[in-house]
Amino acid sequence: MEFSSGRGRLKQARLAGDRRDLYPHSLQFYLEPPTENISLVEFESFAIDRLKLLKVVENLGVSYVRSSDSYKTKLEFELRKLKFPYKALAEDDYEARRKDHISHFILRLAYCQSEDLRRWFLQQEMDLLRYRFNQVTDNLRQKFLEHVNLSFEAVSEDLKNELANELYTSTPGLSMTKVKEQMFYKVGLADAVDLFRARRVFIKDGFAYVPFKEIDVIVLNNYRTKLSKALALTARSLPSIQSDERLQPLLNHLSHSYIGPDYSMQKNTGKISLEQIDTLSVKSFPLCMRQLHKALRDNHHLRHGGRMQYGLFLKGIGLTLEQALEFWKKEFIRGKVDADKFDKGYAYSIRHSYGKEGRRTDYTPYSCMKIIMSNPPSQGDYHGCPFRHSDPELLKQKLQSYKIPPSGIAQILELVKGMHYQLACQKYFELTHDVDNLGFSLNHPNQYFTESQRLLSGGRELKKELSNSGNSQQKSNSQESMNSNSAPTSSNTTADAELEGLEAYFTED
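Residues numbered from 1 in each chain as written. Predicted model: local features only at pLDDT ≥ 70, side-chain atom pairs only at ≥ 80, totals over all residues. Heavy atoms only, no water.

Undergrad: What should I look at first to understand the overall build of the protein chain in this one?
TA: Counting its regular elements, the protein chain contains 25 helices and 6 strands. Sequence separation of 24 or more characterises 71% of the internal contacts of the protein chain that already satisfy a separation of 6 or more. Here the protein chain has roughly 24300 Å² of accessible surface; of this, 48% comes from carbon and sulfur atoms. (Helix = DSSP H or I, 4+ residues; strand = E, 2+ residues; numbered from the N terminus. Contact = heavy atoms within 4.5 Å. Areas by Shrake-Rupley, 256 points an atom, 1.4 Å probe, with all protein chains shown as cover.)

As structure tokens, this is what we get:
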């Protein structure tokens with residue numbers, strides 16, 4: 001991995017990389033890693049845009065039926081806005097295809113680092129390919145299948161007429177007329193196992209007779225296998241990534257980040273009194289912070305993980321340093337910590353989190369992604385995400401104690417089962433605030449608080465999407481990344497810097 005300067009070199013790399021034959025289709029299986037040089041500014045910009053897109057894919061996948069017009073319209077809008085390929089565009093969409101290719105591999109680096117990250121990335125990428133594949137014409141689908149070596153044998157008209165009755169009775173959703181109009185393919189049973197299990201295809205002599213409208217299932221199964229193996233291979237290359245002190249902080253930031261406002265900018269500083277916190281914890285705190293507040297009140301103490309997560313949240317909703325010191329001291333001295341011990345030990349860490357000690361780093365409140373992906377709480381800990389880290393039965397009991405209706409609890413637990421933890425929190429917001437459709441995506445505990453207060457105070461209508469405000473700021477939620485002077489971000493890099501040899505991270509030594 002080398003970084004170099006010089007605008008002339010960057011221009012040459014651009015010209016060398018501008019080979020339209022690299023992307024003959026708007027669809028890709030991402031089999032070959034990018035080999036061109038890329039500026040750090042572009043590296044970060046591409047990665048953030050794709051992360052925004054995958055978050056939209058995740059949210060839409062739960063909020064809408066994937067085949068519905070609403071789902072298609074909203075996802076196409078996002079693809080257009082972020083300048084990714086959304087249909088089989090004209091030949092001049094090379095830049096969109098290039099961005100699609102490079103951004104996928106950047107996030108593959110960031111999201112190969114744990115099983116949870118790999119699982120999330122794999123699911124969103126599959127949903128994205130499903131949408132794209134179903135949007136192109138039949139002719140372009142066939143060309144893409146040939147391009148990725150999935151050209152199955154087409155069933156002849158004579159054989160199709162001979163098997164018409166069997167195809168009609170074995171293929172749900174097709175009338176006899178449609179059977180005669182539809183193209184069928186002979187696909188090996190191993191490739192069509194999902195369709196076979198769902199009893200959606202006719203089976204004969206070890207082959208599934210798959211209508212063209214169902215071929216996306218075969219494509220997605222093949223893609224899942226290839227991408228899953230590729231993620232495992234990329235994970236094996238992590239040591240070489242971790243040795244690059246400039247690349248690793250950025251990848252850590254991407255895997256722990258969310259896209260939205262910077263809640264280290266305190267707009268309500270000093271406007272919340274300590275006497276309000278108990279009431280606010282019931283009305284406007286997300287479940288993770290409500291849990292931490294209750295544990296603090298019950299035990300008069302929180303361990304370090306809980307103090308950091310809850311303390312930075314309180315800082316984000318407007319507590320001043322003086323208020324924070326008073327709040328924590330009053331609670332701790334009700335337990336086993338005397339005033340002198342608090343002043344000599346705990347007070348320092350609170351001032352440190354406000355940027356008044358040590359390196360003077362102004363710490364940022366934790367995002368949902370950071371909380372979800374952080375180390376799970378152990379015995380005696382209360383930090384983390386209740387939807388991610390709680391036993392489902394214990395979560396159910398907690399929700400019952402907060403008077404969530406049984407139907408709502410069932411919806412939340414179903415989302416948790418599907419690993420949609422932020423959407424489970426979103427459903428919790430809807431149920432506790434008696435609204436049917438939130439209208440935006442929850443990405444941050446402080447966003448939850450802000451929107452709750454806006455709704456309860458009768459302010460303006462809930463805005464649709466915080467990330468569309470145009471004022472989004474990217475700030476690392478990894479404190480190591482924040483403290484690293486070498487982390488490459490858009491604020492401290494220039495277009496002269498280049499990233500070379502990206503393909504080395506996706507192949508074996």
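Back to the write-up after that little detour.
Undergrad: What is the right way to look at the nonpolar core in this model?
TA: Taken as a class, soluble globular proteins show a tendency for nonpolar side chains to be buried jointly. One finds Leu75 and Ile215 to be the most contacted residues of the largest nonpolar core, which totals 65 residues. If you tally residues by element for this core, the top one is helix H2 (residues 40–63), at 10 residues. Here Leu75 is in contact with Leu53, Val56, Val57, Leu60 and Tyr131, once residues within four sequence places are set aside. Leu287, Ile317, Phe327 and Tyr354 belong to the second largest nonpolar core, which has 56 residues in total. (Core = buried A, V, L, I, M, F, W, Y, C linked by side-chain atoms within 4.5 Å. Buried < 20%, exposed > 50% of the residue type's maximum accessible area, 1.4 Å probe, protein only.)

Undergrad: I'm lost on the pairing of strand E5 (residues 207–211) in this one. Help?
TA: Put simply, side chains in a regular strand alternate between the two faces of the sheet. With 4 of 5 residues buried, E5 lies mostly within the body of the structure. Bridge analysis of strand E3 (residues 184–188) against E5 gives 5 bridges, and the strand direction is antiparallel. If you follow Lys186 over to E5, its bridge partner there is Tyr209. Turn length for the strand E4 (residues 202–204)-E5 hairpin, with the two strands adjacent in sequence and antiparallel, is 2 residues, and the turn residue Asp205 shows positive phi of about 55°. (Pairing = 2+ DSSP bridges.)

Undergrad: Please clarify how the confidence of the model for the protein chain should be interpreted in this entry.
TA: Interpretation of the predicted coordinates at a detailed level should be avoided for regions scoring low in pLDDT. Summarising the model, the protein chain shows a mean pLDDT of 80, and 82% of its residues fall at 70 or more. Confidence, expressed as mean pLDDT per element, reaches its minimum in the protein chain at helix H25 (residues 479–483) with 35 and its maximum at helix H15 (residues 287–299) with 96. Predicted confidence for residues 1–18 stays below pLDDT 50, and this span has 37 contacts to residues more than four positions away or in other chains. When the criterion is pLDDT under 50, residues 460–509 qualifies, and its contacts beyond four places in sequence or with other chains add up to 137 contacts. (pLDDT = per-residue confidence, 0-100.)

Undergrad: Can you walk me through the side chain of Arg290 in this structure?
TA: The residue Arg290 is located in helix H15 in this model. At 10 Å, Asp278 is the nearest oppositely charged side chain to Arg290, a buried residue that forms no salt bridge. In terms of polar contacts, Arg290 uses its side chain to reach the side chain of Tyr428, at 3.1 Å. (Lys, Arg positive; Asp, Glu negative; His and termini not counted. Salt bridge = Lys/Arg side-chain N within 4 Å of Asp/Glu carboxyl O. Polar contact = N/O pair within 3.5 Å; in protein donor to acceptor, adjacent residues only side chain to side chain.)

Undergrad: Where do I start with the pattern of salt bridges in this structure?
TA: Where charged atoms of side chains with opposite charge meet at close range, the side chains can pair. This model, assessed by the stated rule, comprises 24 salt bridges. Among the salt bridges present, the one from Glu331 reaches Arg297, with a minimum N-O distance of 2.3 Å. Remark: Arg297 occurs in helix H15 and Glu331 occurs in helix H17 (residues 321–332); sequence separation between them is 34 residues.

Undergrad: What is the right way to read the side chain of His104 from this model?
TA: Here His104 is to be found in helix H4 (residues 94–110). Classification of His104 as buried rests on a relative accessible area of 0%. Filtering out sequence-adjacent residues up to four positions away, His104 remains in contact with Tyr30, Arg50, Phe121, Glu125, Tyr223 and Leu227.

Undergrad: It is not clear to me how empty space enclosed by the protein should be interpreted in this structure. Could you clarify?
TA: Left-over empty space is what a probe sized like a water molecule reveals as it rolls over the atoms. What the rule picks out here adds up to 5 cavities of 30 Å³ or more. Together, 14 residues line the largest cavity, and Arg307, Trp328, Ser349, Ile350 and Ser353 are the ones closest to its centre. Every element with two or more residues in the lining of the largest cavity is listed here: helix H16 (304–317), H17 and helix H18 (339–353). Of the residues that constitute the lining of the largest cavity, the class distribution is 9 nonpolar, 4 polar and 1 charged. As a volume, the second largest cavity reaches approximately 120 Å³. Taken together, 15 residues make up the lining of the second largest cavity; nearest its centre are Cys288, Cys368, Cys385, Cys425 and Pro445. Breaking the lining of the second largest cavity down by element, the ones donating at least two residues are H15, helix H19 (368–373), helix H20 (386–389), helix H23 (421–433) and helix H24 (445–456). (1 Å grid on protein atoms, 1.4 Å probe; cavity = no way out; pocket = protein on both sides within 12 Å on 5 of 7 lines; lining within 4 Å. Points joined across faces, edges and corners; volume = space filled by probe spheres on them. Nonpolar A, V, L, I, M, F, W, Y, C, P; charged D, E, K, R; others polar.)

Undergrad: Explain the packing of helix H5 (residues 115–135) against helix H11 (residues 215–236) to me, please; I cannot follow it from the model alone.
TA: Describing two packed helices takes the angle between their axes plus the distance from one axis to the other. H11 packs onto H5 with a crossing angle of 145° between their chain directions and a minimal axis gap of 10 Å. With respect to the hand of their crossing, H5 and H11 are arranged in right-handed fashion. Residues Arg118, Phe121, Leu122, Glu125, Met126, Leu129, Arg130, Phe133 and Asn134 of H5 form the contact with H11, whose participating residues are Ile215, Asp216, Val219, Leu220, Tyr223, Arg224, Leu227, Ser228, Leu231 and Ala235. For the contact of H5 with H11, the per-class residue count stands at 12 nonpolar, 2 polar and 5 charged. (Axes fitted to C-alpha atoms, helices over the stretch in contact; angles between N-to-C directions. Left-handed = near helix turned anticlockwise from the far one by under 90°.)

Undergrad: In this structure, what is going on with unusual backbone geometry? I would like to understand it.
TA: In this structure, Lys83 is a non-glycine residue whose phi angle is positive, near 65°. In this fold, Lys83 is placed in the loop between helix H3 (69–81) and H4. Overall, Lys83 belongs to the exposed group, its relative accessible area being 60%. For Met419, which is not glycine, the phi dihedral falls at a positive 65°. Considering the arrangement of structural elements, one finds Met419 in the loop between helix H22 (406–417) and H23. Judged by relative accessible area, which is 33%, Met419 ranks as partly exposed.

Undergrad: Any chance you could explain the environment of Tyr448 here in plain terms?
TA: Among the secondary structure elements, Tyr448 is positioned in helix H24. For the pair formed by Tyr448 and Phe429, sequence separation is 19 residues and the distance between their alpha carbons is 7.8 Å. Ignoring anything within four residues of it in the chain, the contact list for Tyr448 reads Ser284, Phe285, Pro286, Cys425, Tyr428, Phe429, Thr432, His433 and Leu442.

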